[in-house]
Amino acid sequence: QSQIPGMFTVPVDTSQLTSANVVNVTTVAHRRVFSACRARVNRIGRLEVAISVEDRVTDNGVYGFSLSVTNPLVDPADNVWSIETAGQISTLFPGVELWTFGSVSLTPATTASNFGLAVENTIVVEFEPANPLPSGGSIQLRTPPGFQFAHNFGACDGVLETSTGTGVQSECLVSAAVGAPGEYAQILRVKLLEEVPNGQTYRLIAGVFNPSTSGPAEDWRLQSFSGSVADDRLVDAVSIPGFRVVGRLALWTGTVQDNPTGEASGKVVFHFQAEGVQAGDEIQILAPVGFSLVGTSGCSGYRSIAGSAPAPSCSGARLSFRATGAGAINHEFEIIVTNPARTPKVQENFWACQHRRAGTLVAAAAFAGVGIVPVPVVRVNLLPGIRSAQSSGGSIQFLVTAALAADMISVRALSSGGDLSGSTTSCGTLVSRETSRVNVTLTVTPGVVSGLILKNVTLSSAGVTEWEVVTLQGGAIRDRWQGSGFTQAPKLQVESAVFSQLVDAHPSSQWRPAVGQTAEAVFELFAEATISAGSVIAVSSPWYDVSTDVTVTVAGAAVPVTAQPLSGLSGSAVLWGVAVQVGEDIPAATRLQVGVAAMPLSTGAGQDGWLLEIFASADDAVTTEMRGDEWSPACDQDYIHSLPLRTNDGQTADFPVAETYSLEVTALSRRGDTVQVTLGGLASTPRVGDNVTQLDAFGVVVEVADSEVVVEVEDGAMVPGEFTIGNQSLEVTTVTPFLPPPLTAIDVGVVIHPNSTYPTVVQVVAPLGFRFPEDDCLRPGTDTSAFLSCSASMVDLYSVATLVSVKGGAAVRNVGGDAVVPRAGLEVTT
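About the criteria used
Residues numbered from 1 in each chain as written. Predicted model: local features only at pLDDT ≥ 70, side-chain atom pairs only at ≥ 80, totals over all residues. Heavy atoms only, no water. Helix = DSSP H or I, 4+ residues; strand = E, 2+ residues; numbered from the N terminus. Buried < 20%, exposed > 50% of the residue type's maximum accessible area, 1.4 Å probe, protein only. Contact = heavy atoms within 4.5 Å. Areas by Shrake-Rupley, 256 points an atom, 1.4 Å probe, with all protein chains shown as cover. Pairing = 2+ DSSP bridges. Axes fitted to C-alpha atoms, helices over the stretch in contact; angles between N-to-C directions. Patch = residues over 30% accessible without salt bridge, like charges linked within 9 Å, V, L, I, M, F, W, Y side chains within 5 Å. Salt bridge = Lys/Arg side-chain N within 4 Å of Asp/Glu carboxyl O. Phe/Tyr/Trp six-rings, centres within 6.5 Å; stacked < 30°, edge-to-face > 60°. Polar contact = N/O pair within 3.5 Å; in protein donor to acceptor, adjacent residues only side chain to side chain. Disulfide = S-S within 2.5 Å. pLDDT = per-residue confidence, 0-100.

**Some thoughts on the overall build of the protein**
- Of regular secondary structure, the protein possesses zero helices and 64 strands.
- When the 830 residues of the protein are sorted by exposure, 43% land in the buried category.
- Contacts in the protein between residues at least 24 apart in sequence constitute 72% of all its contacts with a sequence separation of at least 6.
- By element, 51% of the accessible surface of the protein is carried by carbon and sulfur atoms, the whole surface being about 39,500 Å².

**Quick notes on the sheet that holds strand S20 (residues 251–255)**
- Read across the sheet, four strands follow the order S20-S21-S26-S23 without closing on themselves; strand pairing throughout is antiparallel. With one partner strand each, in any of the chains shown, S20 and strand S23 (303–307) form the two edges of the open sheet. Here the average twist between neighbouring strands, direction ignored, is 20°.
- Of the strand pairs in this sheet, strand S21 (residues 265–274) and strand S26 (residues 329–338) are connected by 10 bridges, and their pairing is antiparallel. Among the inter-strand pairings, Val269 is bridged to a residue of S26, identified as Glu334.

**Things to note about a nonpolar patch on the surface**
- Together, Val761, Leu788 and Val804 make up an exposed nonpolar region whose accessible area comes to about 250 Å².
- Here Leu788 is to be found in strand S60 (residues 787–795).
- Look at Leu788 and you get exposed, because its relative accessible area is 60%.

**Let's talk about the environment of Ala413**
- Take Ala413: it is sitting in strand S31 (residues 406–413).
- In this structure, the C-alpha to C-alpha distance between Ala413 and Val438, residues 25 residues apart in sequence, is 8.9 Å.

**A word on the packing of aromatic side chains**
- Taken as a whole and assessed by the stated rule, the structure comprises 24 aromatic pairs.
- Between Phe398 and Trp467 the ring centres are 5.3 Å apart and the planes differ by 80°, which places this aromatic pair in the edge-to-face class. Of the two residues, Phe398 is situated in strand S30 (residues 393–401) and Trp467 in strand S36 (residues 463–473); the sequence distance between them amounts to 69 residues.
- Phe398 sits in the buried class, given a relative accessible area of 1%.

**Section: the environment of Ser799**
- Looking at the secondary structure, you find Ser799 in strand S61 (residues 798–805).
- A relative accessible area of 1% means that Ser799 is categorised as buried.
- Each C-alpha atom, one on Ser799 and one on Val828, is 9.6 Å from the other, the two residues being 29 residues apart in sequence.
- Discounting chain neighbours no more than four positions away, the residues touching Ser799 are Val764, Val765, Ala766, Phe770, Arg771, Phe772, Ser793 and Met794.
- Polar contacts involving the side chain of Ser799 include one to the main-chain amide nitrogen of Phe772, which spans 3.0 Å.

**Quick look at the sheet that holds S61**
- Spatial strand order, S59-S61-S60: three strands in an open sheet with antiparallel pairing. Two strands bound the open sheet, and with one partner strand each, they are strand S59 (761–765) and S60. Neighbour-to-neighbour, the strand axes of this sheet turn through a mean angle of 20°, independent of strand direction.
- Direction of pairing for S59 relative to S61: antiparallel, over a ladder of five bridges. Opposite Val761, over in S61, you have Val804 as the bridge partner.

**Section: the pattern of salt bridges**
- Applying the stated criterion across every chain, the model contains 10 salt bridges.
- Here Glu334 and Lys267 are joined by a salt bridge, their closest N and O atoms 3.9 Å apart. On the criterion of sequence distance, the pair formed by Glu334 in strand S26 and Lys267 in strand S21 is long-range, its members being 67 residues apart.
- For Lys267, a relative accessible area of 46% gives the class partly exposed.
- With relative accessibility at 10%, the residue Glu334 sits in the buried group.
- Connected through salt bridges with shared partners, the residues Glu126, Glu161 and Arg203 form a single ionic network.

**Points about the state of the cysteines**
- Per the counting criterion, the structure on display carries four disulfides.
- Through a disulfide, Cys777 is tied to Cys790; the S-S separation comes to 1.6 Å. For the disulfide bridge between Cys777 and Cys790, the dihedral angle about the S-S bond is near -70°, and by the sign convention the bridge is left-handed. One end of the pair, Cys777, is in the loop between S59 and S60; the other, Cys790, is in strand S60, and 13 residues separate them in sequence. For the pair shown, Cys777 and Cys790 are each scored as buried.
- Sequence-ordered numbering of the bonded cysteines in the protein gives a disulfide pattern of 1-2, 3-4, 5-6, 7-8.

**Points about the side chain of Thr122**
- Here Thr122 shows up in strand S10 (residues 120–128).
- With residues up to four places along the chain from it excluded, the contact list for Thr122 reads Thr107, Pro108, Ala109, Ile205, Ala206, Val346, Gln347 and Phe350.

**Re the pairing of S31**
- By the criterion of burial, S31 is predominantly enclosed, with six of the eight residues buried.
- Inspection of the sheet shows S31 paired to strand S34 (residues 437–444) by six bridges, in the antiparallel sense. Residue pairing across strands places Ala406 opposite Val444, the latter belonging to S34.

**Things to note about unusual backbone geometry**
- Positive phi values are uncommon outside glycine, yet Asn456 reaches one of about 60°.
- The residue Asn456 is located in strand S35 (residues 449–459) in this model.
- Unlike most non-glycine residues, Ala589 shows phi in positive territory, near 60°.
- Its place among the elements puts Ala589 in the loop between strand S44 (573–582) and strand S45 (590–600).
- With relative accessibility at 56%, the residue Ala589 sits in the exposed group.

**A short note on the environment of Ala328**
- With respect to the element layout, Ala328 can be found in the loop between strand S25 (318–322) and S26.
- In this structure the C-alpha to C-alpha distance between Ala328 and Gln278, which are 50 residues apart in sequence, comes to 8.6 Å.
- If sequence neighbours within four positions are ignored, Ala328 has contacts with Ala274 and Glu275.

**Quick notes on the confidence of the model for the protein**
- Residues of the protein with pLDDT of at least 70 account for 73%, and the chain-wide mean is 78.
- No element of the protein has a lower mean pLDDT than strand S2 (residues 22–24), at 41, and none a higher one than S25, at 95.
- Note that pLDDT drops below 50 for residues 569–574; the model gives that stretch 15 contacts with residues more than four away or on any other chain.

Right, here's the structure in full:
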């Protein structure tokens, strides 16, 4: 006899036990030794099969036999076998592992009967296959009698997916009814278009119509096949306990929100009617998964509209009425619901109403919920260009991580947003724009950051900006977000700005600072709000080299400061600046002066460029290399930075500065210079006399032996060289400069290089102590073709020669193919 697990059964027909499957395998000719068998359940609950021996069983023989059995639904907990014969019993040996589905469950959206209304239900079958299924195989689900799958001429909308929601490529078909009339069932067959591995959980989601009358729970049958037809090899199979079908409520309707947004709140109106209610019965409203009906106190926004019902109670997604008496309840009411972040799964997106008595379901009804518009993750950045204050034009970046695919992003400025009518973008195609809305076609991939940068947006008044971002696909809303963006900085009042030469600079402050010369820029600010200790005043300009030599004063008193440089790129221009951290509070409604030493790099006169901003801390004072109007990151590059508390938006105009001319001053008249010469081999030491003819800044005439020779002048001194006088050679071997004593009149040559300008007046400022003659200071006999007259005056302690140029200005002239720069010979007293 063989003891097999109690969950196995032996068919009543034992004729399957034949000589073909019970043999003595130790002989050449298979010889029948067993004739018949019977089965019974023994006293310990195990199935015992007794097999009659027809012939003698010899010692040490090896025998084999087979039994026809019906497998259980699942593996037995005690899956072992044993054999006993002639007082001998074997050790327990394991049975086979059954090929069946694991982790099986069936969940309906509603258990209510149809009452002939043909209301579609949704069921979800979860399972884990024991064996992999090939592409071309099939999974089949058979209903109990009375259920019908939803289909259209055999084609159905059944969905096969993994437990994580990844779809499995497949086709769904519903077969003709099978079974006796009145007890027929249907089969839903899912043909696999890709391999389905074992070892993971899958979901089969299908629409089904419940029976028209209530009834007990009956099993559903799930099978898998290696092919697409039922007569192919069966791979896995299992029976799944079904659900009891109950009566339908007389009335259950609801008016839900149109395109409700994820995590937002909205009003919903419900109406139900329950018949045959007894005292103590409970009417439960069950929201789809993820919704909440709970407010700060009880049910959120509950209000009775029509009919009467006991006061409700709410917990999570459930609202309950408990009846205090017998009779029908017909009640219409409204309630505020909080939506989930996104649409629940199709099998979970039902609004259900249940009539329960002592915990047992009496009647039920359900209707499908609408889709939730997911809330994307949105970040709104004000890009750090020069313009960032209220009423200015700036660039705004929207970083959108959407839940659903889309082909368009719509941006709407809410309160404190901005004017979008003049905006542009390079991150997509601008479809339309209005004052408060812009639509841009842009490919949006779920879970991936999509970036949109709008330039030339007129920023709103100061404060927190509010925005709405919507993604659309074919015009239909896919994701929606409303929320706060960046905080708009108010304007920083710069009441005055002065750029003057430093006290010890030369010349005096009578002349404006020039390019390449360091001067002091002083800004008077009005602090509308307190500037706390540790705050930073950032001062920068693309046209200046700003040093860390900084002063901050309030009412003439110095404020302790710590300065550090800022440098980088502003578009294509170099931006230099300084971050000034104040060491004490500066009260609100205070005027303060900020002075910085700066050197102009070019004559950017009249251009906007001085940017003054106040930051909460040194860390918030971002590097200036990302503060230019032309700078912008990639569309989807998240640029995290701190915006200023206040800013002048770079609208303090650049100071007018003078261009730097090249100026050469040389001694023309060298009275007293000693020239050592050799004439005809004889040494002579003639002196340059008053009768010497002065040529220009580059040469003088030396008189030797009643003859004259031109000697070149370089850097104000005559250059030695060889000359010829008549038939004799003259060699200038040494030149010893003679330093004139004080109050000596000398001639100087002035050469200027006015670049591309044409000055009509040139003022030459002599060093302190030198003085030009008050009458005409032009030296006769020198090249003065560029100027008409010269007059002298005193400015402070400096003597100034004012040269008036010829018509057209003192420009570089072309003389014989050579460029001749403006020059003049001037008389000056040491």
